[in-house]
Amino acid sequence: MHVCVVGLGYIGLPTALSLAANNVKVTGVDYNRDLTKKLQNGELTFEEKGLDQLFADALKNGIVFSNEYVAADAYIVAVPTPYEKDNKKIDPTYVVNAVKSVMEVCPKGGIVIVESTISPGTIDKFVRPVIEEKGFVLGKDIHLAHAPERILPGNMLYELSHNARTIGADEPEIGEKVKEIYSSFCKAQIVVTDIRTAEMSKVVENTFRDINIAFANELVKICRSGGMDVYEIIKIANLHPRVNILTPGPGVGGHCISVDPWFLVGDYPGLANIILAARKINDSMPEFVLERINEIMKENGLKDVTRVGLYGLTYKEDVDDIRESPTLQMLECMERHLASGVKVYDPFISADIVPNQYHDLDAFLNDVDMVVVLVGHSEIRNNLDKLKGKVVLDTRHLPGLEDAYKM
Ligand code: SAJ
């Protein structure tokens, strides 16, 4: 079995490496020449726990990286699916273009597996036509499947092998074949179903989490307004065997949970009401944190916003991904309020992406009187003593920061 993995980003790369490390013949394809060149030279393109070893194993087993699509038995398409912010619908351009390119080289009988997260109905609406327009008969010349990824950035490699998976396919026997491919590295249950169900279940999973985070975030606001300790209340409520409230935070970032629910809102306006409300609550959190910063500055007689430091730029702890990050949303919001000059630091971000960004924790702390912990990276968890003497607003409820201001 030769598998061609198309798109070597956060999902495609670990998937390609996992297959190769488990003795599947793999060609990883990406249109970004710099990226494939780096990978071919043994250089990883992002950080993730355990990725180094997996990469070494895959290279040893002969994984190939290329800009050219190659003939293979199966294609795993793991390219990005941005959503159009204005109409809240998915933009399938990358998936469509990738499948078009696959059609140029795919031998008859080949399987095209879409792994990118897509809104329910995308395969029918956008992917099938591309294949049929090429003159292929689906189910005969080309087989189609959807195997949405479900792994958690920060714990990707563990979850790749331990999370249950869903395979949607037109024909059950193709579903079983795809299951075999993923079984090379996935030791958990793999459910075979139809494509539409697979599409929907993935989006539903992320929407479920978004709604639950929104509940925690709404509680923060209610408790702040009523002068109650939200963390104590959540801790007590969670002792109930059927209650499991998530952790409030400064907003929901990342390219998954903050995006996928919009697919349902976009496609089912008028029906997706809780989903829409949850999105709005989570999107309002960066502004809520800003209000807290203002209150705390006033309370402490701090007037100079340039003496305030935001710790963390990524969308969550111990990853280097800044997509839809609450900190970036906050900075945008600050700009609108003309409150610029705030200082920013994140140990995972080496490039300069925002003004007044620091690359050294001590230098950053040296230049601020107030620290807003927006991301609970291990670095800060292990260096809480360095925050002594500062006014601290902890949006992540970190152990050891009990005395800090909370949201
Ligand atoms: N967050 C909170 N409070 C919480 C949990 C998370 O504020 O209690 C915030 C995080 O800080 C972050 C955002 O929510 O900004 C999302 O983080 P996350 O860790 O919940 O999820 P992601 O986006 O990293 O990954 C999700 C996962 N989906 C589910 O857990 C249902 C993952 O399994 C998916 O594979 C991934 O989306 C994806 O690619 O779709």
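Note that the structure is a prediction, hence the values are computed from the model and not measured.

The rules we used
- Residues numbered from 1 in each chain as written.
- Predicted model: local features only at pLDDT ≥ 70, side-chain atom pairs only at ≥ 80, totals over all residues.
- Heavy atoms only, no water.
- Pairing = 2+ DSSP bridges.
- Helix = DSSP H or I, 4+ residues; strand = E, 2+ residues; numbered from the N terminus.
- Expected span 1.5 Å × (residues − 1).
- Buried < 20%, exposed > 50% of the residue type's maximum accessible area, 1.4 Å probe, protein only.
- Arc of directions from axis to C-beta.
- Near = heavy atom within 4 Å.
- Polar contact = N/O pair within 3.5 Å; in protein donor to acceptor, adjacent residues only side chain to side chain.
- Areas by Shrake-Rupley, 256 points an atom, 1.4 Å probe, with all protein chains shown as cover.
- Nonpolar A, V, L, I, M, F, W, Y, C, P; charged D, E, K, R; others polar.
- Right-handed = clockwise from strand over helix to strand, strands pointing away.
- Core = buried A, V, L, I, M, F, W, Y, C linked by side-chain atoms within 4.5 Å.
- Contact = heavy atoms within 4.5 Å.
- Axes fitted to C-alpha atoms, helices over the stretch in contact; angles between N-to-C directions.
- Parallel < 35°, antiparallel > 145°, perpendicular 65-115°, else oblique.
- Left-handed = near helix turned anticlockwise from the far one by under 90°.

Asks: Honestly, the sheet that holds strand β13 (residues 357–358) in this entry has me stumped. Any pointers?
Replies: Strand pairing in a sheet takes place through backbone hydrogen bonds and is either antiparallel or parallel in direction. Overall, parallel pairing links the five strands, which are arranged β13-β12-β11-β14-β15 in an open sheet. Across the chains shown, the open sheet's two edge strands, defined by having one partner strand only, are β13 and β15 (391–394). Across four bridges, strand β11 (residues 308–311) lies against strand β14 (residues 370–373) in parallel orientation. Across the sheet, residue Tyr311 finds its bridge partner in β14, namely Val373.

Asks: I would appreciate a short explanation of helix α4 (residues 93–105) in the present structure.
Replies: Residues that lie three or four places apart on an α-helix share one face, since the helix turns once every 3.6 residues. The terminal C-alpha atoms of α4 lie 19 Å apart, and with 13 residues this matches the ideal 18 Å at 1.5 Å per residue to within 8%. Within α4, burial applies to Val95, Val96, Ala98, Val99, Val102 and Met103. Down the axis, α4 shows its buried residues gathered within 165° of arc, on one side only.

Asks: Any chance you could explain the site of the ligand here in plain terms?
Replies: Around the ligand sit 21 residues, and of these Glu149, Lys202, Arg209, Thr247 and Tyr315 come closest. In the environment of the ligand, an oxygen atom lies 2.7 Å from a nitrogen or oxygen atom belonging to the backbone of Arg150. At 2.5 Å from an oxygen atom of the ligand is found a side-chain nitrogen or oxygen belonging to Arg209. For the ligand, whose unbound accessible area comes to 770 Å², protein coverage reaches 90%. Of the residues contributing to the shell around the ligand, the split by class is nine nonpolar, five polar and seven charged.

Asks: Can you walk me through the pairing of strand β2 (residues 25–29) in this structure?
Replies: On a regular strand, each side chain points to the face opposite its neighbour's, so the side chains alternate between the two faces of the sheet. Where burial is concerned, most of β2 is hidden: four out of the five residues are buried. Inspection of the sheet shows strand β1 (residues 2–6) paired to β2 by five bridges, in the parallel sense. Across the sheet, the residue bridging to Val3 is Val26, located in β2. For the crossover from β1 across helix α1 (residues 12–21) to β2, the handedness is right-handed. By the bridge criterion, three bridges tie β2 to strand β3 (residues 64–66) in an arrangement that is parallel. What sits directly across from Thr27, in β3, is Val64.

Asks: Even after reading the chapter, I still don't get the nonpolar core, so can you show me in this structure?
Replies: Residues Leu17, Leu19, Ile113 and Tyr182 are the most contacted members of the largest nonpolar core, which totals 40 residues. Of the residues forming this core, the biggest block, five residues, is contributed by α1. Dropping the residues within four chain positions of it, Tyr182 is found in contact with Thr15, Ile76, Ile113, Glu115, Ala147, Arg165, Ile167 and Ile190.

Asks: Hey, could you run me through the packing of helix α10 (residues 260–267) against helix α11 (residues 273–299) in this one?
Replies: Packed helix pairs are specified by the crossing angle of their axes together with the interaxial distance, meaning the distance between the axes. Relative orientation of the contacting elements α10 and α11 amounts to 135°, with a least axis distance of 9 Å. Taken together, the axis directions place α10 and α11 in an arrangement best described as oblique. The way α10 lies across α11 gives a crossing that is left-handed. From α10, Pro261, Trp262, Leu264 and Val265 reach across to α11, where they touch Ile275, Leu276, Arg279 and Asp283. Here the contact of α10 with α11 is composed, by residue class, of six nonpolar, no polar and two charged.

Asks: Quick question: what am I supposed to make of the environment of Ile322 here?
Replies: Here Ile322 is to be found in the loop between β11 and α12 (326–336). For the pair formed by Ile322 and Thr306, sequence separation is 16 residues and the distance between their alpha carbons is 22 Å. Discounting chain neighbours no more than four positions away, the residues touching Ile322 are Leu313, Thr314, Tyr315, Leu328, Ile349 and Ile353.

Asks: I keep staring at the environment of Gly121 and nothing clicks. Help me out?
Replies: Mapped onto the elements, Gly121 comes out in the loop between β7 (110–114) and α5 (122–133). Distance in space between the C-alpha atoms of Gly121 and Ile195 is 8.8 Å, their sequence separation being 74 residues. When sequence neighbours within four positions are dropped, the list of residues in contact with Gly121 reads Arg196 and Glu199.

Asks: Any chance you could explain the sheet that holds β2 here in plain terms?
Replies: The strand order β3-β2-β1-β4-β7-β8-β9-β10 describes an open sheet built from eight strands, whose pairing is mixed. Edge strands, defined here as strands with exactly one partner in the open sheet, are β3 and β10 (190–193). Averaged over all neighbouring strand pairs, the angle between strand axes comes to 25°, with direction disregarded. Where strand β4 (residues 74–77) and β7 come together, four bridges link them in parallel fashion. Residue pairing across strands places Ala74 opposite Ile111, the latter belonging to β7. Where helix α8 (residues 195–226) meets the sheet, it contacts β8 (142–146), β9 (165–169) and β10, and its direction lies at approximately 145° from that of β9.

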